[in-house]
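Results of the structural survey
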Amino acid sequence: MSGLPLLSLAIWVPIIAGLVVLATGSDRNSPLARMLALLGAIFGLLVTLPLYTGFDMTTPAMQFVELSPWIPRFNINYHLGVDGISMFFVILNSFITVIVVLAGWKVINNKVAQYNAAFLIMSGLLNGIFASLDGMLFYIFFEASLIPLYLIIGVWGGPRRVYAAFKFFLFTLLGSLLFLISLIYLFVQSGGSFSILDWHQLPLAMVPQMWIFLAFLVAFAVKVPMWPVHTWLPDAHVEAPTGGSIVLAAIALKLGAYGFLRFSLPIAPDASHELSGLIVGLSLIAIVYIGLVALVQEDMKKLVAYSSIAHMGFVTLGFFMFSALGLEGALVQMISHGFIAGAMFYCIGVMYDRVHSRQIVDYGGVVNTMPKFAAFFMLFAMANAGLPATSGFVGEFMVILAAVKFNFWVAFAAASTMIVGAAYTLWMYKRVIFGAVANHHVAELTDISAREFLVLALLATGALGMGLYPQPFTEVMHSSVNELLRHIAVSKIL
Amino acid sequence: MTLAEMQFVPPDLYPVSAEIFLLSMACLILIVDLFVRDKKNTLSFVLTQLTLLGAALITVFTSARLLSLLIAVTLGPEAAADLTPRYIEALGIPVGDEITYTFGKLYVDDLMGDLLKLMLYLTVMLVLFYSRAYLLEREQMAKSEYYTLTLFATLGMMVMISANHLVTVYIGVELLSLSLYALVALNRDSVPATEAAMKYFVLGALASGLLLYGMSMIYGATGSLEITAIAERLFSGQANKTILGFGVVFLVSGLAFKLGVVPFHMWIPDVYHGAPTPVTLFIASAPKLAAFAIVIRVLVNGLIVVSQDWQAMLLILAVLSMAVGNFAAIAQTNLKRMLAYSAISHMGFMLLGLVTGVVGGDARYALNAYSSSMFYVITYVLTSAGTFGMILLLSRSGFESDEISDFAGLNKRSPWFAAVMMMMMFSMAGVPFFVGFFAKFSVLQAVVAAGYLWLAIAAVFFSLVGAYYYLRVVKVMYFDPPANKTPITAPMNAKVLMSANGLAVALLGIFPQTLMSLCAFSLLRSL
């Protein structure tokens, strides 16, 4: 372990890089802005790698802890640290930032500096969310990260971008404001502490636990998103530029799920047990119903957006069965979904940049003109459908296994995704890629460039590597997950 | 009492030296203006700014407590303990009590007053800098009366901040109001401005009447007009309950009018909209500080015994203001009018801190609650000055730039000022990392600590509604194509100050601790 404040670097390197990029100003300097953004993103990724190499897998305690007072008036501290649950998300987020900068390289020609700066700043803020151990610090990063994404959707988005940006912002703000009240309530109850770790130990009666759990649920369910508060996501995804969709799917959706692990389960364990039926039910609706909704979509981005909601249903299902297998499966699913959904959106972006349509009917026979691309897209489509040897399989399989132990019918419903998921993904793939060349747009397509190849190869490495050899991921989680389960098995009611 | 004993004791003028200086300078500027023929009024402008600077220096260097506090804040407590006594001795500042009364307890000088006055000078200076170019570009507005009236209004606010007597409160309020009526009508050929001035005057006179009527009833109930004496009489239980109750109602109504909270808010949208933008900027910023001060002086210092009564009234006013202000703001297309409704909702939010000071006779949370309100009002004034200043910055001769659509595509015209305006809007919406978030947070924690969970939930619900119209301004600036492509012609000093204002909103949002503790500390030493 080095003496550097690694987590602070993970947060502030991208933010400062973003401000530097912003300073390059007008679009005349766009090549410089792109180069600086890429350097900043790569440097931001490099500083997070020691988090993995220096990680001590034997302890569930927080590591790389930084603690200094920030606002002593309210006992708010700049308190950072990661455990086996949060560490991967910091790295994944920094990795995705590199992907996003590369993805927007040729496509974004309007306000290039602001575009890249928004992503870099958001990357820093997202790292801040995963690394915060102070409730208020968490909240501040959580809410501040809305601003860049609002601008990204609104400035560089599609025709209905204004509607989508407002819907996204106001939906998430609604959830987070109740979350804020709960945080202040916990602050008062705990006698003036905003430390999340203190709150984990705070005894609470059943009724306050219930209210806190429900307030947290509103905040996190909107972010995940869970049925029935998912409706902002398809709009946001469809209108966002490719980079925005990638970050949204790969990282932003994980915030809600992460919130369940860091806040809901350990702070209100009794309410979590009490209301687990509700969450399991909502998760199954997401898996089955939203899966069927995905089947009938005609817009590729919308289809992947709905499939994201269904996949996140697995995550929340895995959390609320209270078994190590389910929890680890859910965590693996979160990381794997980051690679796969990111890659799916990138693939759609690659086609959109050439044809300027996301409708499935506008395509057909793409494999004839873009063979290399078709191969990559095939891999990710299979991963999205949960094919063994891809990362998509590992997480879903672990959660289904846990579900079989939990309740057969829950497992039955969850496993139906293997069919539905394969149906919507592969059917879309077939209609877009295979068959005869559908129109002159498809006939004029050029295959992927070296840059696009690099992006897809990086994502494919992640999806395949994690599918073939998931152990490096799971072994890091073990002790933290077991500690969490031990913690929530104990009642906090005095 | 014999004649020999009734000798005249001259009042201690030391605590009011800033007020005396400001008054003399205002009169001087008035006379100088008669003899100097200058279409640009440069001399008046410079003298006014120097007067405010001088008043700030006098306020700092005549108050041992403020000086030691400022040294402690800038250099740290250890250095302060060492340096402060030496400075105070070298400058010959008398170390008086924490709270100094003068003019036979008509007037009070304490840390809260000092701090608010310092903020007041700063705000007025900012206002004058922002307004300068606008006034010069319009012939009918380029009068030096703008500067003298502003100074008299500032004096009125200083009197309000330091009032320890209901009559002093009234004199301060009237001095401020009369100056403002004239300022609103400064552009006498403008129909909306004269209409706004007329409305303001009629309603303002009504409110002054309510205030006076309330004061007379308080006098009837307690036999005193001096705020500290009123508090003592009430503590000893000598007051007539019925008359006192009526007095409190009238007093709260009058104060609510000055704060501009529902249902005494009718004048706010019309006056903000109709007045020339530099005057709107002035009305929307500094007077909020003074209004907060008289609320603290009258209700907290004087009437804390009947806090249950006025807290219940303020609670209703606060919730109504947040509701009406936020919902009505959505429908506005004029930015000044939208900000007027937003001001109503902000004052409602600020009142929440005053509502939760005393819970069931328990004043444990009072300091926390009142200091959260003070923090809220100071940061609001800073942000509000910035937003109206931005309208002035973008306006030109013949172009007011006060419609929301005038901000369309600002990001293309000037990315930096679009970013500054965005920071102001997000700050007002209460999104971190901007200071507005910590203002809302500190009030909310006071509300939750006092046990009013439902009130906190209502407050955040209305904040959510409010976020919509602030976001709309950001949308117009960033998502829409530019309405016009003219470069921004404002003078350099306004641009620099606007940038500093924006950075202050952001930096106070990252490091709010100092200002928060200043508020808490000054109230601790003043209540």
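The structure displayed is predicted, hence computed values, not measured ones.

So, about the interface of chain B and chain A. Opposite the 41 residues of chain B that make contact, chain A presents 37 residues. Between chain B and chain A, a total of about 3400 Å² is buried, with carbon and sulfur atoms accounting for 83% of that surface. Taken as a group, Phe433(B), Phe441(B) and Phe479(B) account for 21% of the area that chain B buries against chain A, more than any other trio of residues on that side. Summed over the shared surface of chain B and chain A, the number is zero salt bridges. Where chain B touches chain A, the interface holds seven residue pairs in polar contact (both at pLDDT 80 or more). Taken together, the elements giving at least two residues each to the side of chain B that touches chain A come down to helix H16 (366-394), helix H17 (410-413), helix H18 (415-429), helix H19 (435-449), helix H20 (453-479), helix H21 (492-510) and helix H22 (513-526) of chain B. In terms of residue count, the dominant contributor to the side of chain B that touches chain A is H20(B) (13 residues). For the side of chain B that touches chain A, the class distribution of residues is 29 nonpolar, nine polar and three charged.

A separate point is empty space enclosed by the protein. All names here are of chain B. Scanning all chains against the criterion turns up 14 cavities of 30 Å³ or more. In this model, the largest cavity occupies a volume close to 130 Å³. Along the wall of the largest cavity there are 13 residues; nearest its centre are Leu176, Tyr200, Lys258, Trp267 and Pro287. For the lining of the largest cavity, the secondary structure elements donating two or more residues are helix H7 (166-184), helix H10 (241-259), helix H11 (267-274) and helix H13 (286-302).

With that settled, consider the packing of aromatic side chains. Counted by the stated rule, this structure contains 62 aromatic pairs over all chains. Taken together, a centroid distance of 5.5 Å and an interplanar angle of 50° make the contact between Phe168(A) and Trp232(A) tilted. In this pair, Phe168(A) is assigned in helix H7 (residues 161-189) and Trp232(A) in helix H10 (residues 232-239), connecting sequence segments 64 residues apart. Judged by relative accessible area, which is 2%, Trp232(A) ranks as buried. With a centroid separation of 6.2 Å and 35° between ring planes, the pair formed by Phe408(A) and Phe412(A) is classed as tilted. With a gap of four residues between them, Phe408(A) and Phe412(A) both fall in helix H19 (residues 408-415), about one helical turn apart. Given a relative accessible area of 48%, Phe408(A) falls into the partly exposed group. Geometry around Tyr134(B) places Arg138(B) over its ring, the cationic atom sitting 3.7 Å from the centre. Directly above the ring of Phe349(B) sits Lys440(B), whose terminal nitrogen or CZ lies 5.2 Å from the centroid.

Residue and element names in this part refer to chain B. The topology assignment puts Lys485 in the loop between H20 and H21. Residue classification places Lys485 among the exposed residues on the basis of a relative accessible area of 69%. Put simply, Lys485 and Gly409 are 76 residues apart on the chain and 8.8 Å apart in space, counted from C-alpha to C-alpha.

A word on the layout of surface pockets. Leftover empty space is mapped by rolling, across the atoms, a probe with the size of a water molecule. The volume enclosed by the largest pocket comes to roughly 1400 Å³. Lining the largest pocket are 46 residues; nearest its centre among them are Leu19(A), Leu22(A), Ile121(A), Ala419(B) and Met422(B). Elements supplying a minimum of two residues to the lining of the largest pocket: helix H1 (6-23), strand E1 (63-71), helix H4 (112-131), helix H5 (135-144) and helix H6 (146-156) of chain A together with H17, H18 and H21 of chain B. In terms of lining residues, the second largest pocket is bounded by 19 residues, among which Leu118(B), Met119(B), Leu122(B), Leu515(B) and Leu518(B) are the most central. Counting residues per element, the ones that place at least two in the lining of the second largest pocket are helix H2 (42-61), helix H3 (64-75), helix H5 (111-137), H16 and H22 of chain B. Take the lining of the second largest pocket: its biggest share by element is six residues, from H5(B). Looking at the lining of the second largest pocket, its residues break down into 17 nonpolar, two polar and no charged.

The rules behind these values
Residues numbered from 1 in each chain as written. Chains lettered and ligands numbered in written order. Predicted model: local features only at pLDDT ≥ 70, side-chain atom pairs only at ≥ 80, totals over all residues. Heavy atoms only, no water. Contact = heavy atoms within 4.5 Å. Buried area = accessible area lost by both parts, 1.4 Å probe. Salt bridge = Lys/Arg side-chain N within 4 Å of Asp/Glu carboxyl O. Polar contact = N/O pair within 3.5 Å; in protein donor to acceptor, adjacent residues only side chain to side chain. Helix = DSSP H or I, 4+ residues; strand = E, 2+ residues; numbered from the N terminus. Nonpolar A, V, L, I, M, F, W, Y, C, P; charged D, E, K, R; others polar. 1 Å grid on protein atoms, 1.4 Å probe; cavity = no way out; pocket = protein on both sides within 12 Å on 5 of 7 lines; lining within 4 Å. Points joined across faces, edges and corners; volume = space filled by probe spheres on them. Phe/Tyr/Trp six-rings, centres within 6.5 Å; stacked < 30°, edge-to-face > 60°. Buried < 20%, exposed > 50% of the residue type's maximum accessible area, 1.4 Å probe, protein only. Lys NZ or Arg CZ within 6 Å of the ring centre and 35° of its normal.

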